[in-house]
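Observations on chain architecture
Chain by chain, the residues run as shown.
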Amino acid sequence: MRLSIGLKLGFWLAILGLMSTALTGYYVYYQGRHLLIESSQEKLLTSTRVQAHRFTDLLASISSDVRLIGALPVVEKMARDHGEGLFASAQKAELAELFTGLMQTHPVYSQIRLIKAADYGKEMVRVDRDQGGIKIVADRDLREKSHFAYVFETLRLPAGTLYTSDINLNLEQGSHEGYGKPTLRIAMPVYAPDGKIFGLVVVNIALQEMFDMIRGDLPDQVNILLTNDQGDYLIHPDAAKTFGFDLGQRFQIQDDAPETAALYATSNDHAVIQTKAALVGKPALAAFVKVPYGSPAEHRFVLLGLYTPIASVLQQTHALGLNVVQMTAAFAFAAMLISLLLARILAKPLNLMEKSISNFAIGKPLAELPVDRDDEIGSLARGFQSMTHKLNQQVVELWASEEQLRAMFQLSPLGMARNAMDGRYMEVNKALLDMLGYTMEELNRLSYWDLTPPEYAEQEALQLEALHRSGRYGPYEKEYVRHDGLRIPIRLNGVLIVGSDGEKYIWSIIEDITQRRESEELIWKQANFDPLTGLPNRRMFHDRLEQELKKSHRSSTRMALMFLDLDHFKEVNDTLGHAMGDVLLKESAERLVHCVRESDTVARLGGDEFTVILSELDDAEAVERVAQNMLRRLSEPYLLGDEMAYVSVSIGVTLYPEDAGDIETLLKNADQAMYAAKRLGRNRCSYFTPSMQEAAQARMRLAVDLRAALAQQQFRVLYQPIVDLATGDVHKAEALLRWEHPTLGLVSPEKFIPLAEETGMIGEIGHWVFRQAANQVQHWRKFREDFQISVNKSPAQFMSEDRVHDTWFDYLRELQLEGNSVVVEITEGLLLDASPAITNKLLGFRDAGMQVAIDDFGTGYSSLAYLKKFDIDYLKIDRAFIRNLAPNSDDMALCEAIIVMAHKLGIQVIAEGIETEAQRDLLAAAGCDYGQGYLFSRPIAAEAFEQLFASTTA
């Protein structure tokens, strides 16, 4: 049966309509999908690089904080004192408050600590972030950390070198929020001024909080992946896959996405891929960037990735495809119905429609369709018109999606720009416009060469060379000239990209670092200037001294170094308070500055110590004029509130090049000269002499020998009898320490006892003397039950914080001796300066039954109230009152007064230094209880003591 032309035409029209609609829809759908994926990949890579830069910048900021902590004056003081001394607790509290402030301003910090190298890496200061907020950890909860890798690896580093740990789970015990969570540590060693390692400063960074901060304004459907340089997951949507290497398993990105393996095996630094479900559980677009961190020599990096599900990217194309299918089916059905009714009139309209459809272009309506017809042809034409309208709407929506990605670009807080290879600005965001003060139209007429000052031309050429060579440049710092002519410091880096037009462009990220520069300047000032007086501090002083020494060497001129120490400043602090003491220090600093030239340097080393550098001196007399002016100005009265205070100054001077040619020797010379001025009576200037150096060296050698004397058994104890003047009986003796030096012979106690007090050995030596005396009195009590031995106890022993006197009580109990078998001799000055700690120790002797004697009574400041308060048992009249004792003399009157006063208070009296029988008789007649001196015996060994006084000890 032959088909009519209408049926044939209708059939072929249906086929043509179906095919053209399907092809058009497929073309639109495929092109839209391809463009959207391509655009999304480019934007995703840009966002990944932005995240990488933020990660790098944040690590740099944290590293700056760690360096800042290491340079803090309080950390330097703790390092200098090795974390000990009278101010250790206050220093720890101050440092803890600084740590707390940093934690409050940096939510990514989970812990900040100062760890001491000694004591098995014991934490000295630790501030944690836990469930209750920021907490300063108590001393009892501080832990030893020497077994952790970051501690011993940091302690091996030279000064100023940062240590950046691998990212792993924090397994350090404690109540802090970081326990068991991914953690990155940045640490730096802290060295004492003597060059010895003191400890380290370490900041723990919570990885999750860090990337929560970094992600900023990323859309919710964009997520982060992070691996180490081996491919192990550090951040992954499936928490079970993260940190498997810490738990005995390994989950690596190479297994889930083989396309990433090349990033670990080659120098490629980025990749953009379409992943399958194995990577993140669903197909997705992903972009990866290598991010170096830590020391460049270690070549460590993390692989940072952003991914977004393909479904969310192509969501709109799905709707477009469904519409295409629906439209195709509808028009195919309509074409078959129309084919039954069409005849010869169909050919022309169909040809017209075919021509119109073949000219279809995205974004434009179909033209010349017979939409005005009332028949099926017109209906079909209107149907095609409606379909193209909907297709165009879908395209508009795709463009809107692209605009959303562009909005991310515009809302970035960092400046971003796309430049042509000749430097012209093609595209910038609002942040950069605000930074530079230009409009978009003005900036389009400029290039980055127009904004760059000429002095940066060479640097720019090197960065462009790096861009052509490696496809990226920076980060580096320079300046831009704003629209108003002002210069602003910036930090920028960028990459080379190829646009959709095939041309090369430079994408750059620009950061305004004005605030950072201001912070660095403030930190520099705090690190180099004294906050109280505004003078250069110890660090700046050493730098100035080094520069002036070099200048004097080049110009062959003289230079003077002066050390100044305020006399009696402690009394001002103690009586008027530290606030008034600070006022006095500031006023003293101003007076010193007015005593020298502007080219000279006045610095404060700390406390009441100042230094002055007088440079380019024409003659030595200028030094004397300056010194005398300082003595006069600083001795003038100070008005402190309503009180008038007076202080003076002791000055030590050394000259370059006469006295020394290096900094270390000049410093020692000036210090020795200053202490010589102190010893000569204060309020004077003393010039360095070679004899001072010789005396200091001899004193140093003696101090070294003193440390070995106890171990080498060079000490011995002699005993001098104390005689009952009424009966001549001997049942008391004083234990006296002597040092038999192997080369110097017998060293006077007046030389080595002050050295022992200064070096801190007095406690160990005093404890040894006590044990010797206790053993001896135990032996002599076998012959006389009431025998006593007196032991001298240094004020330095009382002022120390140890509990040695408790061990004395224990030792007496161990020997089964009563407390009154030993008498403790102290100086009367100790009672006047008695702190609560000293008072408790004195009362502890009384409670243990041990008697207390005041030695050298009458030579210092005496107080009857203290004699009664501390229940003193004996007063020992100083030999100065006995030496010229004669009837009716002033010394006799003083001795009689002391004896009467002591007896009224229930105190017995011992006279020291009796050398003649006349002295003994006068004192006995005055009622003195006991006598001691060469008349009876010199200090002798225990064996000779027993032989000489065998009759009295029997």
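About the cut-offs
- Residues numbered from 1 in each chain as written.
- Predicted model: local features only at pLDDT ≥ 70, side-chain atom pairs only at ≥ 80, totals over all residues.
- Heavy atoms only, no water.
- Helix = DSSP H or I, 4+ residues; strand = E, 2+ residues; numbered from the N terminus.
- Buried < 20%, exposed > 50% of the residue type's maximum accessible area, 1.4 Å probe, protein only.
- Areas by Shrake-Rupley, 256 points an atom, 1.4 Å probe, with all protein chains shown as cover.
- Axes fitted to C-alpha atoms, helices over the stretch in contact; angles between N-to-C directions.
- Left-handed = near helix turned anticlockwise from the far one by under 90°.
- Contact = heavy atoms within 4.5 Å.
- Pairing = 2+ DSSP bridges.
- Phe/Tyr/Trp six-rings, centres within 6.5 Å; stacked < 30°, edge-to-face > 60°.
- Expected span 1.5 Å × (residues − 1).
- Parallel < 35°, antiparallel > 145°, perpendicular 65-115°, else oblique.
- Nonpolar A, V, L, I, M, F, W, Y, C, P; charged D, E, K, R; others polar.
- pLDDT = per-residue confidence, 0-100.
- Salt bridge = Lys/Arg side-chain N within 4 Å of Asp/Glu carboxyl O.
- Patch = residues over 30% accessible without salt bridge, like charges linked within 9 Å, V, L, I, M, F, W, Y side chains within 5 Å.

1. Focus on the overall build of the chain
Of regular secondary structure, the chain possesses 36 helices and 33 strands. Evaluated residue by residue, the chain yields a buried proportion of 48% over its 954 residues. Taken as a whole, the chain presents about 47300 Å² of accessible surface, with 53% of it coming from carbon and sulfur.

2. Quick word on the packing of helix H2 (residues 73–81) against helix H3 (residues 88–105)
Look at H2 against H3: their axes get within 10 Å of each other, and the N-to-C directions meet at 145°. As for how H2 packs across H3, the hand of that crossing is left-handed. Contacts between H2 and H3 involve Val74, Val75, Lys77, Met78 and Asp81 on the former and, on the latter, Gln91, Lys92, Glu94, Leu95 and Leu98.

3. Some points on the sheet that holds strand E12 (residues 301–309)
Read across the sheet, five strands follow the order E9-E8-E12-E11-E10 without closing on themselves; strand pairing throughout is antiparallel. For this open sheet the edge positions go to strand E9 (233–235) and strand E10 (270–275), each flanked by a neighbour on one side alone. Neighbour to neighbour, the strand axes of the sheet diverge by 25° on average, direction disregarded. The sheet contact formed by strand E11 (residues 284–292) and E12 spans nine bridges and is antiparallel. Paired with Ala287 across the two strands is Leu306, which belongs to E12. Here helix H6 (residues 207–215) sits on the sheet in contact with strand E8 (223–227), E9 and E12, set at roughly 135° to E8.

4. Thoughts on the packing of aromatic side chains
If you walk through the whole model with that rule in mind, you get 18 aromatic pairs. Ring plane angle 35° and centroid distance 6.0 Å describe the contact between Tyr264 and Phe301, whose orientation is recorded as tilted. Highlighted residues: Tyr264 in helix H8 (residues 261–265) and Phe301 in strand E12, separated in sequence by 37 residues. Phe301 sits in the buried class, given a relative accessible area of 14%. Ring plane angle 40° and centroid distance 5.9 Å describe the contact between Phe715 and Phe752, whose orientation is recorded as tilted. Of the two residues, Phe715 is situated in strand E25 (residues 715–724) and Phe752 in helix H25 (residues 749–759); the sequence distance between them amounts to 37 residues. Phe752 shares its class with Phe715; the two are buried. The rings of Phe715, Trp739, Phe752 and Trp768 are connected pair by pair, giving a single aromatic cluster.

5. A few points about helix H30 (residues 836–847)
End to end, H30 covers 16 Å across twelve residues, agreeing with the expected 16 Å (1.5 Å per residue, within 8%). Listed in full, the buried residues belonging to H30 are Ile838, Thr839, Lys841, Leu842, Gly844 and Phe845. Looking one or two places after H30, you find Gly849, whose phi comes out positive at around 90°.

6. As for the packing of helix H21 (residues 578–594) against helix H22 (residues 621–634)
At their nearest, the axes of H21 and H22 sit 10 Å apart, and the two run at 150° to each other. By the criterion of interaxial angle, the relationship of H21 to H22 is roughly antiparallel. Taken as a pair, H21 and H22 cross one another with a handedness that is right-handed. In this structure, H21 contributes Ser588, Arg591, Leu592 and His594 to the contact, and H22 contributes Met630, Arg633 and Leu634. A breakdown of the residues in the contact of H21 with H22 according to their chemical character gives three nonpolar, two polar and two charged.

7. Overview of the confidence of the model for the chain
Per-residue confidence for the chain gives a mean pLDDT of 84, with 87% of residues at or over 70. Strand E33 (residues 930–932) holds the highest mean pLDDT among the elements of the chain, 95, whereas helix H36 (residues 950–953) holds the lowest, 56. This model gives residues 1–5 a pLDDT under 50, and the stretch forms two contacts once residues within four places in sequence are excluded.

8. Observations concerning the pattern of salt bridges
Tallied over the entire structure, the rule returns 48 salt bridges. Two residues, Asp786 and Arg784, come together in a salt bridge whose shortest N-O distance is 2.8 Å. Connected through salt bridges with shared partners, the residues Arg113, Glu123, Arg126, Asp128, Lys145, Glu172 and Arg185 form a single ionic network.

9. Concerning the pairing of E11
For E11, the tally of buried residues reaches eight of nine residues, placing the bulk of the element in the interior. Bridge count for E10 against E11 is six bridges, and the pairing is antiparallel. Residue pairing for E11: Val272 is matched across the bridge by Ala287.

10. Some details on helix H19 (residues 538–555)
Taking 1.5 Å of rise per residue, the 18 residues of H19 would be expected to cover 26 Å, and the 26 Å separating its terminal C-alpha atoms lies within 8% of that figure. Taken together, the buried positions of H19 are Met540, Phe541, Leu545, Glu548, Leu549 and Ser552. Buried residues along H19 sit against helix H18 (514–528), strand E18 (558–567), strand E19 (601–606), strand E20 (609–617), strand E23 (648–656) and helix H23 (663–679). Where H19 terminates, the next one or two residues include Ser556, which has phi positive at roughly 55°.

11. Section: a nonpolar patch on the surface
Taken together, Leu639, Met644 and Tyr646 make up a surface patch of nonpolar side chains, about 370 Å² in accessible area. Given the relative accessible area of 47%, Met644 is considered partly exposed.

12. Some remarks on the environment of Met540
Mapping Met540 onto the fold places it in helix H19. Separated by ten residues in the primary sequence, Met540 and Asp530 have C-alpha atoms spaced 9.5 Å apart. Apart from residues lying up to four places away in sequence, Met540 is in contact with Trp524, Asn528 and Phe529.

13. What to know about the sheet that holds strand E14 (residues 425–428)
Spatially, five strands are ordered E14-E13-E17-E16-E15 in an open sheet, and the strand pairing comes out antiparallel. At either margin of the open sheet sits one strand with a lone partner, and together these are E14 and strand E15 (472–481). The sheet shows a mean angle of 30° between the axes of neighbouring strands, direction not considered. Relative to strand E16 (residues 487–498), E15 is paired through eight bridges, and the arrangement is antiparallel. Following the sheet pairing, Lys478 is matched in E16 by Ile490. Those strands touched by H18 are E15, E16 and strand E17 (504–512), and its axis lies near 130° from that of E16.

14. Description of the pairing of strand E7 (residues 197–206)
Counted residue by residue, E7 has nine buried out of ten residues, so it is predominantly covered. In the sheet, strand E1 (residues 109–116) pairs with E7 via seven bridges, with the strands oriented antiparallel. Within E7, the residue paired with Leu114 across the bridge is Val201. Here nine bridges tie strand E6 (residues 182–191) to E7, and the two strands are oriented antiparallel to one another. When the bridges of E7 are listed, Ile186 appears paired with Val203. Counted along the chain from E6 to the antiparallel partner E7, the turn is five residues long, and its residue Gly195 has a positive phi close to 90°.

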